[in-house]
Amino acid sequence: KAGVTQTPRYLIKTRGQQVTLSCSPISGHRSVSWYQQTPGQGLQFLFEYFSETQRNKGNFPGRFSGRQFSNSRSEMNVSTLELGDSALYLCASSALGGTEAFFGQGTRLTVV
Amino acid sequence: GENVEQHPSTLSVQEGDSAVIKCTYSDSASNYFPWYKQELGKRPQLIIDIRSNVGEKKDQRIAVTLNKTAKHFSLHITETQPEDSAVYFCAASRGGTSYGKLTFGQGTILTVHP
């Protein structure tokens, strides 16, 4: 079974630009969660999508948004990028609530 | 919201020693507690998890204990090996529709010296 796949692996963007990250979950998994990982703040929850609906949301500004498609693939968008948005963005998928969350390898975003 | 505190932030042990990492959580409604291991440049991987209806769970050299009353849980690694060196994260979540929302501790950098 293929694991969770995130694309692209690396991104360099300029302040003020916007970016879209993609996450393909394990086949059959309907829940996709997104996390931001930084050395200072650790792993912070952004949002979770389940069956195309945002089910949970973290404490991030509205510049961070996401969506999920009918095939469970998910995208995350960050608009008006700031230097502080530089981070490793991880997505995790799970089959149903209460089962193991499998992480992708992440997208390393650098904002210059 | 939920807050998870993890200690220590760094832990250095000799090969063969035991290592213990502790976490406390604030939300009494939390009932799922996974532990993740993240090696340098790699994705976090689940190593063990425990639910609130269980006090202890073991998997070979790894064990987790949960004290619901005190709202803390701990990871125990026995007979440590150099390949156990990594960053370990504890996490907590509520049940039901909030299972997909994990609140993580700040992480513990474990170094096992040969």
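These lines cover the structure that appears in this document, whether it is placed above or below.

Rules and cut-offs
- Residues numbered from 1 in each chain as written.
- Chains lettered and ligands numbered in written order.
- Predicted model: local features only at pLDDT ≥ 70, side-chain atom pairs only at ≥ 80, totals over all residues.
- Heavy atoms only, no water.
- Helix = DSSP H or I, 4+ residues; strand = E, 2+ residues; numbered from the N terminus.
- Buried < 20%, exposed > 50% of the residue type's maximum accessible area, 1.4 Å probe, protein only.
- Polar contact = N/O pair within 3.5 Å; in protein donor to acceptor, adjacent residues only side chain to side chain.
- Contact = heavy atoms within 4.5 Å.
- Buried area = accessible area lost by both parts, 1.4 Å probe.
- Salt bridge = Lys/Arg side-chain N within 4 Å of Asp/Glu carboxyl O.
- Nonpolar A, V, L, I, M, F, W, Y, C, P; charged D, E, K, R; others polar.
- Pairing = 2+ DSSP bridges.

### Some words on the side chain of Thr80 of chain B
Residue and element names in this part refer to chain B.
Here is step 1 of the chain: Residue placement: Thr80 occurs in the loop between β8 (72–77) and β9 (86–94).
Here is step 2 of the chain: Accessibility expressed as a relative area gives 1% for Thr80, which makes it buried.
Here is step 3 of the chain: There is a polar contact of 2.8 Å between the side chain of Thr80 and the backbone oxygen of Asp17.
Here is step 4 of the chain: Residues contacting Thr80, with those up to four places away along its chain left out, are Val13, Gln14, Glu15, Gly16, Asp17, Ser18, Ala19, Arg61 and Val112.

### So, the interface of chain A and chain B
Here is step 1 of the chain: At the junction of the two partners, chain A supplies 23 residues and chain B supplies 16 residues.
Here is step 2 of the chain: Both sides of the chain A and chain B interface together cover about 1,700 Å² of buried area, and 51% of this is carbon and sulfur.
Here is step 3 of the chain: Inspection of the region where chain A meets chain B yields 0 salt bridges.
Here is step 4 of the chain: Summed over the shared surface of chain A and chain B, the number is 7 residue pairs in polar contact (both at pLDDT 80 or more).
Here is step 5 of the chain: Put simply, the parts of the chain that give the side of chain A that touches chain B at least two residues each are β4 (31–38), β5 (42–50), β6 (53–57) and β9 (87–94) of chain A.
Here is step 6 of the chain: The greatest single-element share of the side of chain A that touches chain B, amounting to 4 residues, is contributed by β5 of chain A.
Here is step 7 of the chain: For the side of chain A that touches chain B, the class distribution of residues is 8 nonpolar, 11 polar and 4 charged.

### Considering the pairing of strand β11 (residues 108–113) of chain B
Residues and elements named next belong to chain B.
Here is step 1 of the chain: Where burial is concerned, the two faces of β11 differ: the one with Thr108, Leu110 and Val112 is buried and the one with Ile109, Thr111 and His113 is not.
Here is step 2 of the chain: Pairing geometry for strand β2 (residues 10–14) and β11, over 5 bridges, is parallel. For Thr10, the partnering residue across the bridge sits in β11 and is Ile109.
Here is step 3 of the chain: Pairing between β9 and β11: 3 bridges, direction antiparallel. Within the sheet, the bridge partner assigned to Ala86 lies in β11 and is Leu110.

### Digging into the pattern of salt bridges
Here is step 1 of the chain: Applying the stated criterion across every chain, the model contains 9 salt bridges over all chains.
Here is step 2 of the chain: Close ionic contact of Arg67 of chain A with Glu75 of chain A constitutes a salt bridge, the shortest N to O distance being 3.2 Å.
Here is step 3 of the chain: You can call Arg67 of chain A partly exposed: its relative accessible area is 47%.
Here is step 4 of the chain: Here Glu75 of chain A falls in the buried class, since its relative accessible area comes to 16%.
Here is step 5 of the chain: We note a salt bridge from Asp49 of chain B to Lys57 of chain B, for which the minimum N-O separation is 2.9 Å.
Here is step 6 of the chain: Residue class for Asp49 of chain B comes out buried when judged on its relative accessible area of 11%.
Here is step 7 of the chain: Taken together, the shared-partner salt bridges connect Arg63, Glu82 and Asp85 of chain A into one network.

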